[in-house]
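# Summary of structural features
Spelled out, the chains give:
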Amino acid sequence: MSDYFEAMLEDRRRQPRDDMMSELLAAEVDGERLSMDDTISFCTLLLLAGHVTTTNLLGQAIRCFDEHPDALEQVRKQPELMPGAIEEVLRYASPVWRLIRTTTAEVTIEGVTIPADSVVFGWLASANRDERQFPEPERFDITRHTHRHIAFGHGIHFCIGAPLSRLETSIALPMMVEQLPELHVVHDQPLELFEGRVLFGFKRLPITFTALEPAI
Ligand code: HEM
């Protein structure tokens, strides 16, 4: 993928176009430009972060509705509950499970001292099930107000794609719910998660549904 992006970037260096890669190459802060490696890393991050995360969110939404048919019935009757339902999926089945950081200095959190240069995992999925923030956190409840979830991270690295992802999901999910009656996950085999414990998504999520009668 790095080679692929490098070739695309070289192409834009020779002939800038009206696109994001050309703008990244031209970007300058205090006379400093991004290195080729940084630019390639950013393109890779953007492609993956912008694609598989929202796919996971949609998959998790389908799984949550499958496990909670009452919730599915409720959003079918009251589509205005859909935005809250999407936030609840983000909290309950966070598509990005954890963040990875390296400490730049020794730090003490809640009495635990972590030395400098340590790799630390920040478990978003755990924070999103914190009973001090969310009463009965193990309950999937599309009417709870989950605005304080941190499924999109927090602070300076807060997800730049959060509004896009919410928009995509708010279009795709109502369409799926409306156009795929009797929507169920097929449980003939256990669902297999992605490896790596960063993304909480399934390698495949087979479903069944009843075809709608064609409109005449
Ligand atoms: C359900 C969908 C999504 C979830 C759950 C999600 C989650 C996250 C999280 C947790 C972070 C913080 C990473 C960190 O602090 O290390 C992040 C950052 C980021 N996300 Fe998303 N994301 C989603 C969709 C998207 C989309 C659609 C895009 C782009 C089109 C995107 C692009 C990015 C980028 C570029 C960053 C890095 C921001 C930075 O480091 O300043 N994400 N995302």
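Refer to the preceding data block for the structure.
Below or above, wherever it landed, is the structure these notes cover. Being a predicted model, the structure only gives us computed values, none of them experimental.

To continue, consider the coordination of the iron atom of the ligand. Of the protein atoms, C159 (SG) alone serves as a donor to the iron atom of the ligand, at 2.3 Å. The residue C159 is located in the loop between helix 7 (124-127) and helix 8 (162-179) in this model.

Take the layout of surface pockets next. Roughly 1100 Å³ of volume is contained in the largest pocket. Forming the walls of the largest pocket are 33 residues, and the residues nearest its centre are L45, A49, T53, V96 and C159. The element that contributes the greatest number of residues to the lining of the largest pocket is helix 3 (residues 36-49), accounting for 5 residues. Residues that form the lining of the largest pocket fall into these classes: 22 nonpolar, 8 polar and 3 charged.

Our next topic: the packing of helix 4 (residues 52-67) against helix 8. Helix 8 packs onto helix 4 with a crossing angle of 40 degrees between their chain directions and a minimal axis gap of 10 Å. Considered as vectors, helix 4 and helix 8 are oriented oblique to each other. The two elements helix 4 and helix 8 meet at a crossing, and its hand is right-handed. Seen from helix 4, the contacting residues are T54, L57, L58, A61, I62 and F65; seen from helix 8, they are S165, E168, T169, A172, L173, M176 and V177. Here the contact of helix 4 with helix 8 is built from residues that sort into 9 nonpolar, 3 polar and 1 charged.

About the criteria used
- Every chain's residues receive numbers from 1 upward, in the order its sequence appears when written.
- It should be noted that, the model being predicted, local features are given only for residues of pLDDT at least 70 and side-chain atom pairs only at 80 or more, the latter also being counted only at that level, while totals for whole chains, interfaces and linings use all residues.
- Calculation of side-chain values draws on the structure's entire complement of heavy atoms; hydrogens and water are dropped beforehand.
- Each metal site is built from N, O and S donor atoms within 2.8 Å (3.2 Å for Na, K and Ca), and since water is not included, such sites may look incomplete.
- Every helix listed is a DSSP run of H or I at least four residues long, and every strand listed is a run of E at least two residues long, numbered separately from the N terminus.
- Here the term cavity refers to a set of points on a 1 Å grid, laid over the protein atoms alone, in which a 1.4 Å probe fits but cannot get out; the term pocket refers to an open set having protein on both sides within 12 Å along at least five of seven lines, with lining residues being those that place an atom within 4 Å of a point.
- Grid points are joined across faces, edges and corners, and a volume is the space filled by probe spheres set on the points.
- Charged means Asp, Glu, Lys or Arg here, nonpolar means Ala, Val, Leu, Ile, Met, Phe, Trp, Tyr, Cys or Pro, and polar covers whatever is left, Gly included.
- Every angle, taken between N-to-C directions, lies between 0 and 180 degrees, and every axis is a line fitted to C-alpha atoms, over only the stretch in contact when it is a helix.
- If an angle is under 35 degrees, it is roughly parallel; if it is over 145, roughly antiparallel; if it lies from 65 to 115, roughly perpendicular; otherwise it is oblique.
- Helix crossings are classified by the rotation of the near helix relative to the far one: an anticlockwise turn of less than a right angle makes the crossing left-handed, while a clockwise turn makes it right-handed.
- In this analysis, two residues are considered to be in contact whenever any of their non-hydrogen atoms come within 4.5 Å of each other.

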